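What the coordinates show
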Amino acid sequence: MNVIFNRPQCAFQHESISNVCIAAVLKRNTPHAAKIFSNVFFVCTMIFLVCSLAFTAVMATNSTDIVSSGDGDIFGVDISAALDLDTASCLASKGTAFIIPRAYRSIGDIDSNACTSLVNAQTAGIAQRDVYIFPCPTCSSSAADQLTAMVAYLKGTCDDAWSGRSWLDIEGADSYWTGDFSKNQAFFEDLVDPCLTTSASCGVYASYNSWTAIFGSASYSYAPAATMPLWYPHYDGDKSFEDW
């Protein structure tokens, strides 16, 4: 299957924006194990002022998310720095349908840039505005406390601009997680549980390699996460989940 990436020519006002990713979503039904997939998307990275393809990713969403008509693509961005209104307006004018800013950092604190990005995206007319949490498994605060703190920040600061989805970023086995599979699994489960008790609707970002390296097996699953959508990064240009 051929993949065609549309690269919006948007000039970024903040040089710190180095992780802006363009994503294409395809409508597809491919259930696998404890995960339910309905749509997949591919992500390409823009570095500073140049929109350059760096990687592809696959994301699954449920019926409450933006989906394409037929097999058409949908484009969106994920970012790790503040998005100004001019850039948000540029992205919206190029057909960007969703944005996913980071709202919690791997060092263990709230990313206050998230609300700036969400509000500017809302003002620019970007319809779907999720966030992602980059948790800190080695910090003193529990996984549940980290997610709960992030949700409280979003609801208290920019609730109207946030669509309500939180993506759990599971990656960086050697850099962020412990070397103990059991402890990592317990942390993940503690991260998932508040998704069921807070107003956050969660999804999981994870690759096959990261999942295996962090949790010890590709077959590891946690029942409460069974209905969560998967944002699946894989850099083979194939819009499928055939290899997981």
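Above: the structure in question.
The following refers to the structure shown. Note that the structure is a prediction, hence the values are computed from the model and not measured.

What follows is about the side chain of Gln146. Along the polypeptide, Gln146 turns up in helix 3 (residues 143–158). Taking relative accessible area as the criterion, Gln146 reaches 1% and is therefore assigned buried. Ignoring any residue separated from it by four or fewer positions in sequence, one finds Gln146 in contact with Tyr104, Ile133, Pro135, Cys136, Cys139, Ser141 and Phe187.

This brings us to the pattern of salt bridges. This structure, assessed with the given rule, holds three salt bridges. Residue Arg102 pairs with Asp111 through a salt bridge whose shortest N-O separation is 2.8 Å. Relative accessible area serves as the criterion here: at 4%, Asp111 is assigned to the buried category.

Right, let's talk about the nonpolar core for a bit. With 41 residues, the main nonpolar core has Leu147, Met150, Leu154, Leu168, Ile170, Phe188 and Val204 as its most contacted residues. Looking at this core, the elements that each hand over two or more residues are strand 5 (96–105), helix 2 (113–124), strand 8 (131–133), helix 3, helix 4 (181–197), strand 10 (201–205), helix 5 (208–215) and strand 11 (230–233). Residue contributions to this core peak at seven residues, all from helix 3. Apart from the residues within four sequence positions on either side, Met150 is in contact with Ala103, Tyr104, Ile110, Val131, Tyr132, Ile133 and Ser166. One finds Ala97, Phe134, Tyr205 and Trp231 within the second-largest nonpolar core, a separate group that totals nine residues.

Turning our eyes to something else, we now look at helix 4. Quick reminder: α-helices carry 3.6 residues per turn. Residues three or four places apart thus point the same way. Taking 1.5 Å of rise per residue, 17 residues should cover 24 Å, and helix 4 covers 25 Å from first to last C-alpha, within 8% of that figure. Within the sequence span of helix 4, burial applies to Asn184, Phe187, Phe188, Leu191, Val192, Pro194 and Cys195. Considered in projection along helix 4, the buried side chains sweep an arc of 155 degrees and stay on one side of the axis. Opposite the packed face of helix 4, turned more than 90 degrees from it, sit the exposed residues Ser182, Lys183, Leu196 and Thr197. The inward-facing, buried residues of helix 4 contact strand 8, helix 3, strand 9 (165–169), strand 10 and helix 5. Its side-chain oxygen at 2.9 Å from the backbone nitrogen of Ser182, Asp180 defines the N-terminal cap of helix 4.

Definitions and cut-offs
Residues numbered from 1 in each chain as written. Predicted model: local features only at pLDDT ≥ 70, side-chain atom pairs only at ≥ 80, totals over all residues. Heavy atoms only, no water. Helix = DSSP H or I, 4+ residues; strand = E, 2+ residues; numbered from the N terminus. Buried < 20%, exposed > 50% of the residue type's maximum accessible area, 1.4 Å probe, protein only. Contact = heavy atoms within 4.5 Å. Salt bridge = Lys/Arg side-chain N within 4 Å of Asp/Glu carboxyl O. Core = buried A, V, L, I, M, F, W, Y, C linked by side-chain atoms within 4.5 Å. Expected span 1.5 Å × (residues − 1). Arc of directions from axis to C-beta. Polar contact = N/O pair within 3.5 Å; in protein donor to acceptor, adjacent residues only side chain to side chain.

Nothing here speaks to function; it is all geometry.
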